[in-house]
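# A closer look at the structure
Below are the chains, spelled out letter by letter.
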Amino acid sequence: MTAELTRFTRSEPHPGVLQLTMSRPEKLNAMDQAWFRELREVMDGLGDEGDEVRAVIITGAGRAFSAGGDIDMFAGLDGDVHRTRPHLRRVYDAFHAVERCAVPVIAAVNGLAYGGGTELALACDVVLAGRSARFAFKEPSVGLMPGFGVVRGPAVMGRHWTRYLALSGRDVDAERAERAGVVQEVHPDESLLPEAVSLASEIASHPALAVRCAKAFINRDTGGGFNESVEATALLFGTEEHRDAVKAFRESRASGT
């Protein structure tokens, strides 16, 4: 595992269970370069010889799971395809690291899960949500598409639900997300983490090799489509519509409107 985390905090709510809490509540746990790097490092480090972690819970501090990509990071990319390609590869590699992680990863979605927040949920093995959770792909509003979401969404929730979310930018509540297949259980907000810990501890109680083999087999062949999506999304980052939308969003935020 990475020695030091700045975007997550680690805890052990039950033996064999690692809880990763996204820790930028002042920015609704927005995802920046450090976030993607740290998530991949943690996921890649699990399952090493002697590692006692048998299940992982990912949740968010404050009132959001994650509002998605940090808009300030988008502005820093400046639409340069030579910057956006490596960035998008880091994004995909981080989410894919969750899928290929040796141990099961449970999302405990509290509050907003927009853009990358919904994509992270799609990458997790099981998703629990609080009743206040909201899911959406907000990328269309800034001239982008949810690159990982359009690759993984059809397999998780089908083409129709993926199109509905990826083309409209609308959000859905936890109950509708459960009907779509993104969420497996919905709980009162105050029960979300205890329920996630209960499920994770149950998984952790089973023979580790059997659980790891089952996850690896279920998640086989999940890497397809990434290269094509990287290229398409990189082109969108360079459009005038995207730059104008990011500028308008930042100006609106600065003015408090």
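Our subject in this report is the structure included herewith. Note that this is a predicted model, so its numbers are computed, not measured.

### Some details on the packing of aromatic side chains
Following the criterion strictly, the structure yields nine aromatic pairs and no others. Pairing Phe148 with Phe226 gives two aromatic rings, centres 5.7 Å apart and planes at 40 degrees, and the pair type is tilted. You can see Phe148 sitting in helix α5 (residues 147-168) and its partner Phe226 sitting in helix α9 (residues 226-237), a full 78 residues away along the chain. Overall, the relative accessible area of 1% leaves Phe148 in the buried class. Where Trp161 meets Tyr164, the ring centres are 5.7 Å apart and the plane angle is 80 degrees; that geometry is what we call edge-to-face.

### Topic: the nonpolar core
Ranked by internal contacts, the top residues of the largest apolar core, which has 63 residues, are Met43, Val56, Ile58, Leu120 and Phe135. Broken down by element, the residue count for this core peaks at seven residues, all from helix α3 (residues 81-100). Setting aside anything within four residues of it in sequence, one finds Ile58 in contact with Leu20, Met22, Leu39, Phe65, Val105, Ile106, Ala107, Ala108, Leu120 and Cys124. Among the nonpolar cores identified, the runner-up in size contains 14 residues, and Val17, Ile57, Leu192 and Ala204 belong to it.

What counts and what doesn't
- Residues numbered from 1 in each chain as written.
- Predicted model: local features only at pLDDT ≥ 70, side-chain atom pairs only at ≥ 80, totals over all residues.
- Heavy atoms only, no water.
- Phe/Tyr/Trp six-rings, centres within 6.5 Å; stacked < 30°, edge-to-face > 60°.
- Helix = DSSP H or I, 4+ residues; strand = E, 2+ residues; numbered from the N terminus.
- Buried < 20%, exposed > 50% of the residue type's maximum accessible area, 1.4 Å probe, protein only.
- Core = buried A, V, L, I, M, F, W, Y, C linked by side-chain atoms within 4.5 Å.
- Contact = heavy atoms within 4.5 Å.

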